[in-house]
Every structure is written in C-alpha cells, then in structure tokens.
Amino acid sequence: MDVDTQTKNIAFQKRWAPTWQRFFVAFFAATIVFDLGHRLLDVQIELFWGISGYNFSWVLAMYALPVLAGIVFSLIYGWGGKLLSHLPPMFILGINYYSTMQTGAPEGASLIPLMWWGFFLILNMEFCAIGGFIGELLLRYHYGTLDMPGTADYAPADSERLPDRKKE
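Everything quoted here is computed from the prediction, not taken from an experiment.

The rules behind these values
Numbering of residues starts from 1 in each chain and follows the order in which that chain's sequence is written. Only residues with pLDDT of at least 70 are given local features in this predicted model, and only at 80 or more are side-chain atom pairs given and counted; all residues enter the totals for whole chains, interfaces and linings. Side-chain figures throughout are based on the complete set of non-hydrogen atoms in the structure, without hydrogens or water. In this description a helix means any DSSP run of H or I spanning at least four residues, a strand means any run of E spanning at least two, and both kinds are numbered starting from the N terminus. Under the scheme applied here, a residue whose accessible area is under 20% of the maximum for its type counts as buried, over 50% as exposed, and between as partly exposed, the area being computed with a 1.4 Å probe on protein chains only. Contacts between residues were defined by any pair of non-hydrogen atoms, one from each residue, lying within 4.5 Å. A pocket here means an open set of points on a 1 Å grid, computed over the protein atoms alone, that has protein on both sides within 12 Å along at least five of seven lines. A cavity is instead a set of points where a 1.4 Å probe fits but cannot get out; residues with an atom within 4 Å of a point line either one. Grid points are joined across faces, edges and corners, and a volume is the space filled by probe spheres set on the points. Gly counts as polar in this scheme, as do all residues outside two lists: the nonpolar Ala, Val, Leu, Ile, Met, Phe, Trp, Tyr, Cys and Pro, and the charged Asp, Glu, Lys and Arg. Here a polar contact is taken to be a pair of N or O atoms separated by no more than 3.5 Å, where protein atoms must pair a possible hydrogen donor with a possible acceptor and residues adjacent in sequence count only if both atoms sit in side chains. Between N-to-C directions, angles span 0 to 180 degrees; the directions come from axes that are lines fitted to C-alpha atoms, helices contributing only their stretch in contact. Just so you know how the angles are binned, under 35 degrees is roughly parallel, over 145 roughly antiparallel, 65 to 115 roughly perpendicular, and the rest oblique. The hand of a helix crossing depends on one turn: near helix anticlockwise from the far one by less than a right angle means left-handed, and clockwise means right-handed. Only buried residues count toward a nonpolar core, which is a set of Ala, Val, Leu, Ile, Met, Phe, Trp, Tyr and Cys residues joined through side-chain atoms within 4.5 Å.

(A) Fine view of the overall build of the chain. Summing up its helical and strand segments, the chain has six helices and two strands in all. For the chain, the proportion of its 168 residues judged to be buried stands at 36%. Long-range pairs, those at least 24 residues apart, make up 79% of the contacts in the chain with a sequence separation of at least 6.

The structure is reproduced here in structure tokens:
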C-alpha cells in the first residue's frame, strides 16, 4: 500500500460528545478540582491575613492547582481546551470574592483590594491556560495530530500528500 492510498484512508475518530456537552463536563470537572484544591489547602485568595498568609499552601494554590485544573479541562474537552480553561478560576474566584464581600471578612483578616484580586485572578487564569496547553500536548502525544478526538472538523478537505522529491 503506497503513501497516497494510506492518506486517503485516514479514519478520523468521532468525538465522544458534542462540543457543548464536552465543554460543560470539562468546566464542571475543572471547577470541582480547582475549588476542592482550595478547600483542601485551606487557602482563600480574596482574604489578606498578613504576611503569614503567604505560605507554601498559598503558593501551591496560586501556581500548581490552576495548572492541574487546566490539564483536567483540556483532557476532557480536547482540541481547544487551552483557550477555554481560563473560565474555571474566573468562576470560582469571582464567587468567593463576591460572597466574602457580602458576608464580611473573618476576624483577623481583611478583604484584599479589587485590583490585587484582579491580578491574582489573571495569574490563576494564565496558569490554568498553561495546564490546558499541557493537556493538549498529552492528547497529541496519545492520539497524534490528526487522530485526536474533535479534529475531524479541522481535517483537510483533500488529504493527498504532496509528492516526495526523488533523489537524483
């Protein structure tokens, strides 16, 4: 079987669900990972406890946890997950800040200014996007470039290869 016949018979895998369903499953899974991680690490980014509040668990919640949530999002969603993985930190941190603003900060803590919170939010969103990129790389490593689920929409219309140059 020559190369041209092989490329004509490329079978693209079907996606396991439509795009909108994959988005909701990936969004809720990454949101659960992100929120559960913050609860387990006992970190509330919207509160300022003084310099002692910036400890190792805070660093894990700011850098490692968003990367993990982004990987989860991208592995579930598939192609394009790195772009949409910005959303879970925005959702969770926005709800946390708003609820703390409405209920008030606990004794010994204060609500950080909105600009600091915005900086921390953007930092979490970008690290989540890095995790989404890593998740897409893991998918590409497992499935290859054209056989990845969800890439059938982006497949070339004419899948014939260019002729190889013959050695003279």
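(B) A look at the layout of surface pockets. Of the pockets and cavities examined, the largest pocket occupies roughly 250 Å³. Elements with a minimum of two residues in the lining of the largest pocket: strand E1 (47-48) and helix H3 (56-77). Of the residues assigned to the lining of the largest pocket, the class counts are 10 nonpolar, six polar and one charged. Of the volumes computed, that of the second largest pocket is approximately 190 Å³. Taken together, the elements giving at least two residues each to the lining of the second largest pocket come down to helix H2 (19-41) and helix H5 (87-103). Take the lining of the second largest pocket: its biggest share by element is four residues, from H5. The residue makeup of the lining of the second largest pocket, split by class, is one nonpolar, six polar and four charged.

(C) Looking closely at the side chain of histidine 86. By the secondary structure assignment, histidine 86 is in the loop between helix H4 (81-84) and H5. The exposure class of histidine 86 is buried, given its relative accessible area of 19%. Among the polar contacts listed, one links the side chain of histidine 86 to the backbone oxygen of leucine 83, at a separation of 3.0 Å. Once residues lying within four places of it in the same chain are set aside, the contact partners of histidine 86 are Met125, Glu126 and Ala129.

(D) How the structure looks around the packing of H2 against H5. Running from N to C, H2 and H5 point in directions that differ by 50°, and their axes come no closer than 9 Å. In terms of their interaxial angle, H2 and H5 are classed as oblique. For the element pair H2 and H5, the recorded crossing hand is right-handed. Packed against H2, whose contacting residues are Phe23, Phe27, Ala30, Thr31, Phe34, Asp35 and His38, the element H5 presents Leu87, Pro88, Pro89, Phe91, Ile92 and Leu93 at the interface. Here the residues of the contact of H2 with H5 sort into 10 nonpolar, two polar and one charged.

(E) Broad picture of the nonpolar core. If you look at the biggest cluster of nonpolar residues, it comprises 23 residues, and the most contacted ones within it are Phe34, Ile45, Trp58, Phe73, Leu93, Trp117 and Phe120. If you list the elements that add at least two residues to this core, you get H2, H3, H5 and helix H6 (114-143). Among the elements that take part in this core, H3 stands out by supplying seven residues, more than any other. Discounting chain neighbours no more than four positions away, the residues touching isoleucine 45 are His38, Trp58, Met62, Leu93, Ile112, Phe120 and Asn124.

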